[in-house]
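# What the coordinates show
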Amino acid sequence: MSDEDKSRRIKYLDTFLEENLREKKPEEMKEFYDSWANTYDEEISFFNYNGPKLMAKEFEKLNVPKDAKLIDIAAGTGALGKELKALGYSCIDALDGTKGMLEVARKKNIYRNLFQFFFGCEDKSPISEDTYDVAVSCGGIGPGHIPYSAFHDILAMVKQGGLVCWITVNPKEEEEIETFNSVLTELKDSGKWEAVQDPVRVEEVFKKEFSLFYVMKKL
């Protein structure tokens, strides 16, 4: 691809990614990602998307045992799972709302099991309570994606003493910030989880934007 073609493609994708962050109904979101699945890995690389690699680097510092059972929330095409597997984690399952993304991930032989489920629907979760040692998510929670209210459901998937770790798009609108903080505070004040550490600032996760790496422990 020539520099001119790449520049034109990036300009198109900028608009595409703005659409990505717009709030959508679940069926609309599924259609959006299904249409993107086969070219996602190549196109997201144009923006220097370093989220999975940087999150795996921070996750490694937690010294989670290599035989821990992990669930990758909003696993997409398996970018985070690939990084975690390279660190020696082999008991990783994937959960994503989009069939197309999961099919791409399946071909990479990263995950033991792959589950299709979209948070915010009335469908019953395919994951039983207290199943995993750790839930991880990279870029899948926030505006236009998984609602912050889903932290309740994600936490239920994790065993007592287990971890919920994520990097996400930082909420920018006042309403988004308020919702994000209220859910985190609600779960803390009700004695359901506690912070393992202060959020870690991670630079250049996407383009030049930073994000925060959160680690919460289920009580």
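Quick summary incoming for the structure in this document. Just so it is clear, the model here is predicted, and its values are computed rather than measured.

Turning to the packing of helix 4 (residues 51–60) against helix 5 (residues 79–86), a few remarks are in order. Contact geometry of helix 4 with helix 5 gives a least axis separation of 8 Å together with a crossing angle of 40 degrees. Taken together, the axes of helix 4 and helix 5 lie oblique to each other. Considering how the two elements wind past one another, helix 4 and helix 5 form a crossing that is right-handed. Contact residues: helix 4 offers Pro52, Lys53, Met55, Ala56 and Phe59, while helix 5 offers Ala79, Leu80, Glu83 and Leu84. Tallied by class, residues from the contact of helix 4 with helix 5 come to seven nonpolar, no polar and two charged.

This paragraph deals with helix 4. Given 3.6 residues per helical turn, the α-helix brings residues three or four places apart onto the same face. What helix 4 keeps buried is the set Gly51, Pro52, Met55, Ala56, Glu58 and Phe59. End-on, the buried residues of helix 4 take up no more than an arc of 165 degrees, which puts them together on one face. With respect to the buried face of helix 4, the exposed residues turned more than 90 degrees away are Lys53 and Lys57. Where helix 4 is buried, its residues meet strand 1 (70–73), helix 5, strand 4 (132–138), strand 5 (158–168), strand 7 (200–206) and strand 8 (209–218).

Another point: the packing of aromatic side chains. A full pass over the atoms with the stated rule returns eight aromatic pairs. With centroids separated by 5.9 Å and ring planes inclined at 20 degrees, the aromatic side chains of tryptophan 166 and tryptophan 193 adopt a geometry described as stacked. Taken as a pair, tryptophan 166 in strand 5 and tryptophan 193 in strand 6 (residues 193–195) lie far apart in primary sequence, 27 residues in all. The pair formed by tryptophan 166 and tryptophan 193 is uniform in burial state, with each residue classed as buried. Aromatic ring contacts, followed pair by pair, group Tyr148, Phe151, Trp166, Phe180, Trp193 and Tyr214 into a single cluster.

Let's shift gears to unusual backbone geometry. Positive phi, close to 55 degrees, is recorded for alanine 74, a residue that is not glycine. When you line up the elements, alanine 74 lands in the loop between strand 1 and helix 5. When its relative accessible area of 21% is taken as the criterion, alanine 74 is described as partly exposed.

Let us now look at the pattern of salt bridges. Pairing is possible between side chains that carry opposite charge, provided their charged atoms lie close to one another. Taken as a whole, this structure holds six salt bridges when the rule is applied. Between lysine 61 and glutamate 58 there is a salt bridge, and its shortest N-O distance comes to 3.3 Å. Classification of lysine 61 by relative accessible area gives exposed; the value is 54%. Take glutamate 58: its relative accessible area is 12%, and that puts it in the buried class. Between glutamate 203 and arginine 201 there is a salt bridge whose closest N-O contact spans 2.6 Å. Its relative accessible area of 42% is what places glutamate 203 among the partly exposed residues. On the accessibility criterion, arginine 201 (49% relative accessible area) is partly exposed.

Calculation criteria
Residues numbered from 1 in each chain as written. Predicted model: local features only at pLDDT ≥ 70, side-chain atom pairs only at ≥ 80, totals over all residues. Heavy atoms only, no water. Axes fitted to C-alpha atoms, helices over the stretch in contact; angles between N-to-C directions. Helix = DSSP H or I, 4+ residues; strand = E, 2+ residues; numbered from the N terminus. Parallel < 35°, antiparallel > 145°, perpendicular 65-115°, else oblique. Left-handed = near helix turned anticlockwise from the far one by under 90°. Contact = heavy atoms within 4.5 Å. Nonpolar A, V, L, I, M, F, W, Y, C, P; charged D, E, K, R; others polar. Buried < 20%, exposed > 50% of the residue type's maximum accessible area, 1.4 Å probe, protein only. Arc of directions from axis to C-beta. Phe/Tyr/Trp six-rings, centres within 6.5 Å; stacked < 30°, edge-to-face > 60°. Salt bridge = Lys/Arg side-chain N within 4 Å of Asp/Glu carboxyl O.

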